[in-house]
Amino acid sequence: MRDYLTFLSRCVALSFVGGRVYYAWMFLLTVLALVGLNAYARQLAHGLAVTGMTDQVSWGLYIGNFIYLDGLAAAVVLLVIPAYIYRNRALRDVVIFGQLFAVAAVIMCMLFVAVDLGRPDRFLHLFARPNFPDSMLTWDVIALGGYLLLNIHLTGYLVFCQYRKREPDLRRFVIPFVLVVIVWAITIQAVAAFLLSGLGGRPFWNSAVVAPRFLASAFAAGPAFMILTLECIARGTGYRVPREGLMTLRGIMTVALALHMFLLGSELFTAFYTGSAHAGSARYLFLGLDGHTGLVPWIWTAIALNLCALGVLFTPASQNLAMLSGACVMLIVGVWIEKGMGLIVPAFVPTPLGEIVEYAPTLDEVLVTLGVWGLGLLLYTILVRVTVPVLTGRLTIDTPGRGARRAAGAPAPRRPGASQSAEEEIRP
Amino acid sequence: MTIRIWEGKSAGAPGPCGAEPGFTRRGFLRGATGAVGGMAALAAALSPLRDLPDDAFPSLEEFLQKHYKEMTPAELADAMERVRAEVEGRYGVVPTVRDYPPIEGVRFAFALNLSRCIGCRKCVHACVEENNLSRSPEVQYIRVLEMPRGTMDLARGDHHYDRAEVPDGGHYYLPVQCHQCANPPCVKVCPVGATWQESDGIVVIDYDWCIGCRYCEAACPYWARRFNFAEPTIPDGGLNPDMGYLSNRPRRRGVVEKCHFCLHRTRRGEMPACLEVCPVGARKFGDVLDPQSEVSQILRTKRVLVLKEEVGTLPRFFYYFDERYPRDAGSPGPGEGGEAGP
Amino acid sequence: MTRHHEHPDPERPASRPAWLVGPAFGLLAVWFVWFAPAPQIPASGSVQIGKAALGPTARATVKADPPITRVGAYEYRCSDCHRLFQNEAEKTVGRVQHTEIVLDHGLNDRCLYCHSQADRDRLVARDGAGLSYAQIPELCARCHGTTYRDWQRGTHGKTLGSWRSASPERRRLTCSECHDPHAPAFAPEAPLPGPHTARMGEPPAGHRPEGGGPPSAPFVGAGGARGSGEGGAGR
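Residues numbered from 1 in each chain as written. Chains lettered and ligands numbered in written order. Predicted model: local features only at pLDDT ≥ 70, side-chain atom pairs only at ≥ 80, totals over all residues.

Novice: Help me understand the sheet that holds strand β11 (residues 303-305) of chain B, please; the structure alone is not making it clear to me.
Specialist: Hydrogen bonds between backbone groups are what pair the strands of a sheet, and the pairing can be parallel or antiparallel. Residue and element names in this part refer to chain B. Read across the sheet, four strands follow the order β10-β2-β12-β11 without closing on themselves; strand pairing throughout is mixed. Every other strand in the sheet has two partners, leaving β10 (283-287) and β11 as the edge strands with one partner each. Put simply, the sheet's adjacent strands are angled 30 degrees from each other on average, direction ignored. As paired strands, β11 and strand β12 (residues 317-321) are joined by three bridges and run antiparallel to one another. Its bridge partner lying in β12, R303 is registered against F321. Relative to β10, helix α9 (residues 294-301) is tilted by about 105 degrees, and along the sheet it contacts β2 (108-113), β10, β11 and β12. (Pairing = 2+ DSSP bridges. Helix = DSSP H or I, 4+ residues; strand = E, 2+ residues; numbered from the N terminus. Axes fitted to C-alpha atoms, helices over the stretch in contact; angles between N-to-C directions. Contact = placed C-beta atoms within 7 Å.)

Novice: Which parts of the structure should I look at to understand the interface of chain A and chain B?
Specialist: By convention, interface size is frequently given as the accessible area that disappears when the constituent parts associate. Facing 63 residues of chain A, the contacting portion of chain B comprises 66 residues. Counting residues per element, the ones that place at least two in the side of chain A that touches chain B are α2 (20-46), α6 (125-128), α7 (136-163) and α9 (210-237) of chain A. Examining the composition of the side of chain A that touches chain B, we find that 10 residues originate from one element, α2(A), more than from any other. By residue class, the composition of the side of chain A that touches chain B is 28 nonpolar, 20 polar and 15 charged. (Nonpolar A, V, L, I, M, F, W, Y, C, P; charged D, E, K, R; others polar.)

Novice: Even after reading the chapter, I still don't get unusual backbone geometry, so can you show me in this structure?
Specialist: Leaving glycine aside, a negative phi is the common case for residues, and trans is the common case for peptide bonds. Between F132(A) and P133(A) the backbone carries a cis peptide bond, its omega angle lying at 0 degrees. You can see P133(A) is positioned in the loop between α6 and α7. A cis geometry characterises the amide bond from V166(B) onward to P167(B), with omega recorded as 0 degrees. Note on placement: P167(B) falls in the loop between β3 (143-148) and β4 (171-176). The phi dihedral of D290(A) falls on the positive side, at around 50 degrees, and the residue is not glycine. A positive phi angle, close to 65 degrees, is found at R214(B), a residue other than glycine. Counting through the fold element by element, R214(B) comes out in the loop between β6 (203-205) and α6 (215-219).

Novice: Sorry, what's going on with α9(B) here?
Specialist: Along an α-helix, residues three or four positions apart point the same way, because every turn accommodates 3.6 residues. Regarding α9(B), the residues found buried are E294(B), V295(B), S296(B), Q297(B) and I298(B). Of the surrounding elements, those touching the buried residues of α9(B) are β2, β10, β11 and β12 of chain B together with α6 (145-153) and β5 (159-160) of chain C. (Buried ≥ 20, exposed ≤ 12 C-beta atoms within 10 Å, placed from the backbone.)

Novice: In this structure, what is going on with the packing of helix α5 (residues 89-116) of chain A against α7(A)? I would like to understand it.
Specialist: Angle between the axes and distance between the axes: these two values describe a pair of packed helices. Residue and element names in this part refer to chain A. Between α5 and α7, the shortest axis-to-axis distance is 9 Å and the interhelical angle comes to 150 degrees. Taken together, the axis directions place α5 and α7 in an arrangement best described as roughly antiparallel. In this structure, α5 crosses over α7, and the sense of that crossing is left-handed. On α7, the residues touching I96, Q99, L100, A102, V103, V106, C109 and M110 of α5 are L144, Y147, L148, N151, I152, L154, T155 and L158. In terms of residue class, the contact of α5 with α7 is made up of 13 nonpolar, three polar and no charged. (Parallel < 35°, antiparallel > 145°, perpendicular 65-115°, else oblique. Left-handed = near helix turned anticlockwise from the far one by under 90°.)

Written out as structure tokens, the structure is:
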């Protein structure tokens, strides 16, 4: 226990230590988070009227990002399948970073739901009187909470073992939880998809292919995000995962993206070939409806980006890390547009009564969104920051306070709890 | 070659962390200014909260208030007393706030005669007056669609028709409000159970329990729910002091509301406000379990339809036609007043 | 797992730029307090409709039986005048009295189709039987049988007071409380203002032209909605 507290406080202290670029990056994220907080304070003061949402389009950027991050959180963890089930050693470390990201992403998800609430002060009602099992949103709260705890446990345990220089007890503390987390990761994606596809009044969502599409796009965007993260970690710390790990990710990503595009094509065919009245939303999204074309440039950009990424991934050129990173960026942006705004907003246009009111996020809404991303990435950076020295063996239980700095950059801390976000991390 | 970012480039100098023993004064100052600046920015970021209205924070009683269904009669009385005091404080009017439980053995239903409705929107505004709906931002429970003859495709309806005179001969008019579905998707999706169906079929909302997630708005196939994006406003003298706890007491920002068949009126036997004001008698309201009621008669003898039957919501709001074909059907032109007269 | 031990250097942050962190936060604080953008809340142009504009719940009041006309302090029955003035020709045009009445009741275009010539304080059915003014529905029923049947069931007309079929407060309005017997079709009227709820009060820019929707109309009702389907979908 004492070891553990020392470990936590060392982690906290470590998160304040870094080089120039680390400081600049952390400063940037802090500023983003603060700007977001500022915009959120405005939203609290004036109500959700400061957003672009209306009774017609009652969900927007917030829920779009929630859905997107939900997918990322699920996908990065599903990499545990090859890592633990198929004993792919190259992916083990990737999985740790994936799970760390899952922790940050789930917290971002929760924040996105929280900022979308009209009465955040009644947040506790979710636990006081949950509408279970009827409401998919209740399921989602449970799924996200459980997922957060599972990933905190898994990463925390593995990293702490490494810190104490002990072999982790895989059979008791890892493998059972890994099995659960695999199912759970699929569950959070499915539940998020069912959240939308279970609504009979929204034909754009009420389609069985939404859940598979969610999984496919998540499996594409998740590895892409991991590849970029690992690149940054490698550049920042010199800690490199083996190349074959990246190539495994590339393979997963390619197949998932191809599948995703196929599912998208199936939906488009169904919507447009029949010419059904229910295709209003799809028509609005891809072609514009009655001169309202707000999303048309966005969705075609997304499709173009995804197709380009797919093209690059199919060619051997993507074995080059620069090309691969480029493809990843395109894919992440493409999927973000398509799954975030492109999936949420058109379902509300036209409304069930056929009215067309377009939606565009306001400045404050964008700032809050950036703030949540800033806070999440800040948390993720801190988690990675403290994990890398442990994984490289430079921060262990044997590292003495002063010597730690010399050896691994872990100064003996005097101010535990100085960082708010550090409280969330690693808790086996 | 990796560029090492997090761990610095040059070697040898002592570490930077906070109050490390043997730590330089300069480093401490640097950390301190950063911390002070950060705290200042954090506090300043919250400065828009100055604009919060004084009564924006829920009182402790409101915060601790239980769900409507879990309150004892005494607690409910306290809650209504709190509402009374709040309304008096905000609007300077002493209201009567009462709880109207559903009447045993009654199932309400609404029927609307599409052959009669002339699209005058009086129901819309009577509802606003009766139910203390926000005038700005504008909240209305009823939407009237002007539909071209020959289609039931709501996408072809016009919500914003602005004619010198209605009805227009080439159109029919379709008012839509909460259908109080027997299988209500909004109730199913609410994560906190803040909205539920009562035994008389009315779907109600506990405005003090709703968290404002708007999932119900997304779920409703009839676009019947409204969210208070900003603080609702009611002009002086515009407040209806006859209030029901689950119906027309003033709402606050951040919660969802919708038509409740005027339950504070209908549960004491009266007619809904939209029905009373209808100049052509197109609206019918009653108890479907009573075979003599007007709605029962309509369901038995008229050509009745519900909107979006295919989504399986089983609405309690029916539309019907008279047998007689309007005399100017098919001759579009303003002001011919086709359906209006026998 | 590849481990890089080739950089064992202790950590050392860049010291000079770090001095900027505090002041930069301070600047940010200043921006938050004095220069942060105002929230973009659209002005809401809502409409105030008073109760007066909504009109009465019944369009007309029921006439007394027999009807009374007041002229000054005097009350007259119909028969008080019509005892003197008989209209043998049953003409409806060229009237010198009752000129405010516009008779627009379809084929029913003679005063005496409804008013009794024999007893001016009563109404008459086509078969000659007299009816009191309290029996207006029965009078109308002579022609509008199906509507009368609907009215009896409550599926036509308007009921006020209570929805309970046995309630004493319940009052079913009679024909002439809604319809003008001389011109029973409701006159067109100006609709009350439409909604302004798009983006919290802004009226939508150019409301939806009808017929521009997807080519989904199963049958063409109002003229020519179908052809524009594909065109409306284009950008």
